[in-house]
There are 2 protein chains.
Amino acid sequence: MPINTVFEALSHPVRREVLSRLKAGPMSAGELAGHFELSKPTLSAHFAKLRDAELVTVERQGTSLIYHLNLSVLEDALKGLLDLTEKKP
Amino acid sequence: MPINTVFEALSHPVRREVLSRLKAGPMSAGELAGHFELSKPTLSAHFAKLRDAELVTVERQGTSLIYHLNLSVLEDALKGLLDLTEKKP
DNA sequence: CTCTTATTTCGTTGTTTCTCTAATTAGAGT
DNA sequence: ACTCTAATTAGAGAAACAACGAAATAAGAG
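The rules we used
- The residue numbering used here restarts from 1 in each chain and proceeds along that chain's sequence as written.
- Naming scheme: in the order in which they are written, chains are lettered from A and ligands are numbered from 1.
- Reporting in this predicted model follows two pLDDT cut-offs: at least 70 for local features of residues, and 80 or more for side-chain atom pairs to be given and counted; totals over whole chains, interfaces and linings ignore these cut-offs and use all residues.
- Each side-chain value is worked out from all heavy atoms of the structure, with water and hydrogens disregarded.
- Numbered from the N terminus, helices here are DSSP runs of H or I no shorter than four residues, and strands are runs of E no shorter than two.
- We call a residue near a given molecule or strand whenever any one of its heavy atoms falls within 4 Å of it.
- A 3.5 Å cut-off defines polar contacts: any pair of N or O atoms within that distance qualifies, except that in protein one atom must be a possible hydrogen donor and the other a possible acceptor, and neighbouring residues in sequence count only when both atoms are side-chain atoms.
- Polar here means any residue outside two lists: the nonpolar Ala, Val, Leu, Ile, Met, Phe, Trp, Tyr, Cys and Pro, and the charged Asp, Glu, Lys and Arg; Gly therefore counts as polar.
- In this description, contact between two residues means that some pair of their heavy atoms is separated by no more than 4.5 Å.
- Two parts placed together each lose some accessible area; with a 1.4 Å probe, that loss summed over both constitutes the buried area.
- Counted as salt bridges are all cases of a side-chain nitrogen of Lys or Arg within 4 Å of a carboxyl oxygen of Asp or Glu.
- Between the first and last residue of a helix there are one fewer steps than residues, each counted as 1.5 Å, and that sum is the expected span.
- Under the scheme applied here, a residue whose accessible area is under 20% of the maximum for its type counts as buried, over 50% as exposed, and between as partly exposed, the area being computed with a 1.4 Å probe on protein chains only.
- Relevant arc is that of directions from the helix axis to the C-beta atoms, nothing else.
- The axes are straight lines fitted to the C-alpha atoms, using for helices just the contacting stretch, and the angles between their N-to-C directions are given from 0 to 180°.
- By definition in this entry, angles of less than 35 degrees are roughly parallel, angles greater than 145 are roughly antiparallel, angles of 65 to 115 are roughly perpendicular, and the rest are oblique.
- Take the far helix as the reference: if the near one is turned anticlockwise from it by less than a right angle, the crossing is left-handed, and if turned clockwise, right-handed.

- As annotated in an unreviewed UniProt entry, chain A carries the name DNA-binding transcriptional regulator, ArsR family and is attributed to Devosia enhydra.

Put into structure tokens, the structure is as follows:
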């Protein structure tokens, strides 16, 4: 959960869009993957980076894996960026 | 200035620290480079990415190049991240 | 015009990222 | 046990990244 891992995870547009879709609510890996024109293994790799950064959490439901957005880490990133704009640290 | 370029630029810790230092005020490339244990060519490449993303602007003063933080693009990134946390849009 | 200073560009090397297909694991149902 | 679906892991290749030393460029001083 080093902040560097978080920013690295946020650097790819596909991963940011995954987060954006999860904003609406938890979703399975397959359903998420259906929104992209990429192979499932490719998406799975993106999911792994998001998990590494703890930007998402995962929960198994039967054969499906349900991904959840982790707001708190996203807020850490937000704070990190805000620190770059504030004059006062 | 596509937002993707901005996030990509923000993904490296050295570049974020460069921005952080510029927060205090404009600074020359050499002075900036002095704060890192990296060669000048390496730093120059990082500066180029920041320029590409328009996160910094540059101004020549004699033989020196003075880098300035560009808050407005940083705010765009901030807004992009905020969009990932908000429930409403 | 030459010399010095400041910074970037060039050429190279090793590492990481992104993508794919093919093979594998995990769970549920028959 | 077998089979289906869901998802990940393994393996491979192209492209991009990050780092360096050496050479090139730009601007001012003498």
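Resuming the write-up.
**Notes on unusual backbone geometry**
Backbone geometry follows two general trends: most residues other than glycine have a negative phi, and most peptide bonds adopt the trans configuration.
Inference 1: Here Glu54 of chain A, not a glycine, exhibits a phi torsion of approximately 60 degrees, which is positive.
Inference 2: As for its position among the elements, Glu54 of chain A is in the loop between helix 4 (40-52) and strand 2 (56-61).

**Focus: the protein's contact with DNA strand D**
Inference 1: Near DNA strand D, the surroundings consist of 23 residues, among which Gly30 and Tyr67 of chain A together with Ser39, Thr42 and His46 of chain B are the closest.
Inference 2: Interatomic distance of 2.7 Å between a side-chain N/O atom of His46 of chain B and a phosphate oxygen of DNA strand D.
Inference 3: Of all the secondary-structure elements, those providing two or more residues to the surface near DNA strand D are helix 3 (29-33), helix 4 and strand 3 (64-69) of chain A together with helix 4 (40-52) of chain B.
Inference 4: Looking at the surface near DNA strand D, its residues break down into 7 nonpolar, 11 polar and 5 charged.

**Some details on the interface of chain A and chain B**
Inference 1: Tallying the contact residues gives 24 residues for chain A and 24 residues for chain B.
Inference 2: Together chain A and chain B conceal approximately 2,200 Å² of surface at their shared face, both sides included; 69% is due to carbon and sulfur atoms.
Inference 3: At the junction of chain A and chain B, the tally comes to 0 salt bridges.
Inference 4: Counting the contacts that link chain A with chain B gives 2 residue pairs in polar contact (both at pLDDT 80 or more).
Inference 5: For the side of chain A that touches chain B, the secondary structure elements donating two or more residues are helix 1 (3-10), helix 2 (13-22) and helix 5 (71-85) of chain A.
Inference 6: Ranked by the residues each element gives to the side of chain A that touches chain B, the list is headed by helix 5 of chain A, at 9 residues.

**A word on helix 5 (residues 71-85) of chain B**
Residue and element names in this part refer to chain B.
Inference 1: With 15 residues, helix 5 should reach 21 Å at 1.5 Å per residue; the first-to-last C-alpha distance of 21 Å fits that figure.
Inference 2: Of the residues making up helix 5, those classed as buried are Val73, Leu74, Ala77, Leu78, Leu81, Leu84 and Thr85. Buried residues along helix 5 cover an arc of 150 degrees about the axis, so they all sit on one side.

**Things to note about the packing of helix 5 of chain A against helix 5 of chain B**
Inference 1: Across the interface, helix 5 of chain A lies against helix 5 of chain B with an axial gap of 10 Å and an inter-helix angle of 170 degrees. Judged by the angle between their axes, helix 5 of chain A and helix 5 of chain B are roughly antiparallel. As helix 5 of chain A runs across helix 5 of chain B, the sense of the crossing is left-handed. On helix 5 of chain B, the residues touching Leu71, Leu74, Ala77, Leu78, Leu81, Leu82, Leu84 and Thr85 of chain A of helix 5 of chain A are Leu71, Leu74, Ala77, Leu78, Leu81, Leu82, Leu84 and Thr85 of chain B.
Inference 2: Taken together, the residues that form the contact of helix 5 of chain A with helix 5 of chain B break down as 14 nonpolar, 2 polar and no charged.

**Topic: the protein's contact with DNA strand C**
Inference 1: Among the 24 residues in the neighbourhood of DNA strand C, the closest are listed as Ser39, Thr42 and His46 of chain A together with Gly30 and Tyr67 of chain B.
Inference 2: Across the atoms of DNA strand C situated within 4 Å of the protein, the share located in sugar and phosphate is 78%.
Inference 3: One nitrogen or oxygen atom from the side chain of Ser39 of chain A is found 2.9 Å from a phosphate oxygen belonging to DNA strand C.
Inference 4: In the environment of DNA strand C, a phosphate oxygen lies 3.3 Å from a nitrogen or oxygen atom belonging to the side chain of Arg51 of chain B.
Inference 5: Sorting the residues of the surface near DNA strand C by element identifies helix 4 of chain A together with helix 3 (29-33), helix 4 and strand 3 (64-69) of chain B as the ones contributing at least two each.
Inference 6: With 5 residues, helix 4 of chain B is the single largest residue contributor to the surface near DNA strand C.
Inference 7: By residue class, the composition of the surface near DNA strand C is 7 nonpolar, 11 polar and 6 charged.

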